[in-house]
Amino acid sequence: MSDEPAGADPVGADPAGPPPRRSGLRNPPAAVRGLGAATLGLEALVLVLAIQPIRMVAGGSGPAAMVVSAVLAVGAVTLAGLLRRRWAWYAGTVLQGLVLLAGLLHWSLLVVGVLFGVVWAYVWHVRRVILS
């Protein structure tokens, strides 16, 4: 048996109350921030782990590529913590472009930039769908 009174709306939504959540998440903005932060955190980890192979196989641009990779990793971690602010999402997109540009220093950074650029585009899509 149901605890609802006999004339209650079967969905449970009050017609005068707020509209029901589309996503079914308890806190959609936090879920989206978590997805973005996880993506940026994973990207930072990949950028840090890329330093050693770059050091081993890169030629003259190796030191510059290693420094750029470390700086981009710090930027990704910083932005992961700032995703509560709207501008940080746009800065994350700029970061993806900078990783792509770092591909001019070493091809492996270009691969990382392409892969995480696609993932970041998907994160934006999920953000738009959940928060709209």
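Before any of the text, the structure's been laid out above.
Here, residues in each chain are numbered from 1, in the same order as that chain's written sequence. The model is predicted, so local features are restricted to residues of pLDDT at least 70 and side-chain atom pairs to those at 80 or more, both for listing and for counting; the totals for chains, interfaces and linings are taken over all residues. Working from all heavy atoms in the structure, the side-chain values ignore hydrogens and water.

### Quick look at the packing of helix α3 (residues 62–81) against helix α4 (residues 86–102)
Move 1: All axes here are fitted lines through C-alpha atoms, helices being fitted over the stretch that makes contact, and every angle between N-to-C directions spans 0 to 180 degrees. Secondary structure follows DSSP: runs of H or I at least 4 residues long count as helices, runs of E at least 2 residues long count as strands, and numbering of each begins at the N terminus. Their axes nearest at 10 Å, the elements α3 and α4 cross at an angle of 165 degrees. Relative to α4, the element α3 lies roughly antiparallel. By crossing handedness, the relation of α3 to α4 is classed as left-handed. Where α3 approaches α4, its residues V68, L72, A76 and L79 are matched on the opposing element by W87, A88, A91, G92, L95, L98, V99 and A102.
Move 2: Partitioned by chemical class, the residues of the contact of α3 with α4 number 11 nonpolar, one polar and no charged. Between 65 and 115 degrees an angle is taken as roughly perpendicular, under 35 as roughly parallel, over 145 as roughly antiparallel, and anywhere else as oblique. Each crossing gets its hand from how the near helix is turned against the far one by less than a right angle, where anticlockwise is left-handed and clockwise is right-handed. Contact criterion: two residues are considered in contact whenever any of their non-hydrogen atoms come within 4.5 Å of each other. Amino acids outside the nonpolar list (Ala, Val, Leu, Ile, Met, Phe, Trp, Tyr, Cys, Pro) and the charged list (Asp, Glu, Lys, Arg) are all regarded as polar, and Gly is one of them.

### Considering the packing of aromatic side chains
Move 1: Any two of the Phe, Tyr and Trp rings considered here, Trp counted by its six-membered ring, make a pair once their centres fall within 6.5 Å; the pair's planes then place it as stacked at under 30 degrees, edge-to-face at over 60, or tilted in between. Summed over all chains, the structure comprises three aromatic pairs.
Move 2: Centroid distance Y90 to W124: 5.3 Å. Interplanar angle 45 degrees. Geometry classified as tilted. Of this pair, Y90 sits in helix α4 while W124 sits in helix α5 (residues 107–131), and the two are 34 residues apart along the sequence.
Move 3: You can call Y90 partly exposed: its relative accessible area is 44%.
Move 4: A ring has a charge above it when a Lys NZ or an Arg CZ is no more than 6 Å from the ring centre and no more than 35 degrees off the ring normal. Across from the ring centre of W89, 4.6 Å away, lies the NZ or CZ of R127, which sits over that ring. A simple rule labels every residue: compare its accessible area, found with a 1.4 Å probe on the protein chains alone, to the largest value its type can have, and call it buried under 20%, exposed over 50%, or partly exposed in between.

### Brief notes about the nonpolar core
Move 1: Counting 25 residues, the largest nonpolar core has L40, L47, I54, L72, W89, L95 and L109 as the members making the most contacts within it.
Move 2: The leading source of residues in this core is α3, at seven residues.
Move 3: Setting aside chain neighbours within four positions, we find L40 in contact with A76, L79, A80, L83, L95, Q96 and W120. Nine residue types can take part in a nonpolar core, namely buried Ala, Val, Leu, Ile, Met, Phe, Trp, Tyr and Cys, and a core is a set of them joined through side-chain atoms within 4.5 Å.

### A look at a nonpolar patch on the surface
Move 1: Taken together, the side chains of V94, L98, L101 and L104 define a hydrophobic patch exposed on the protein surface, amounting to about 430 Å² of accessible area.
Move 2: In this fold, L101 is placed in helix α4.
Move 3: Under the relative-accessibility criterion, L101 is labelled exposed at 53%. Patches here: salt-bridge-free residues with over 30% relative accessible area, like charges joined within 9 Å, nonpolar side chains (Val, Leu, Ile, Met, Phe, Trp, Tyr) joined within 5 Å. We get accessible surface area from the Shrake-Rupley algorithm with a probe of 1.4 Å; when it comes to residues, only the shown protein chains can shield them. For this document, the term salt bridge refers to a Lys or Arg side-chain nitrogen within 4 Å of an Asp or Glu carboxyl oxygen.

### Considerations on α5
Move 1: Every helix has an expected span of 1.5 Å times one less than the residues it contains. With 25 residues, α5 should reach 36 Å at 1.5 Å per residue; the first-to-last C-alpha distance of 36 Å fits that figure.
Move 2: Buried residues of α5: S108, L109, V112, G113, F116, W120, V123, V126 and R127, and no others.
Move 3: Residues of α5 that are buried make contact with α1 (28–49), α2 (51–57), α3 and α4.

Function cannot be read off these values alone, since they describe shape.
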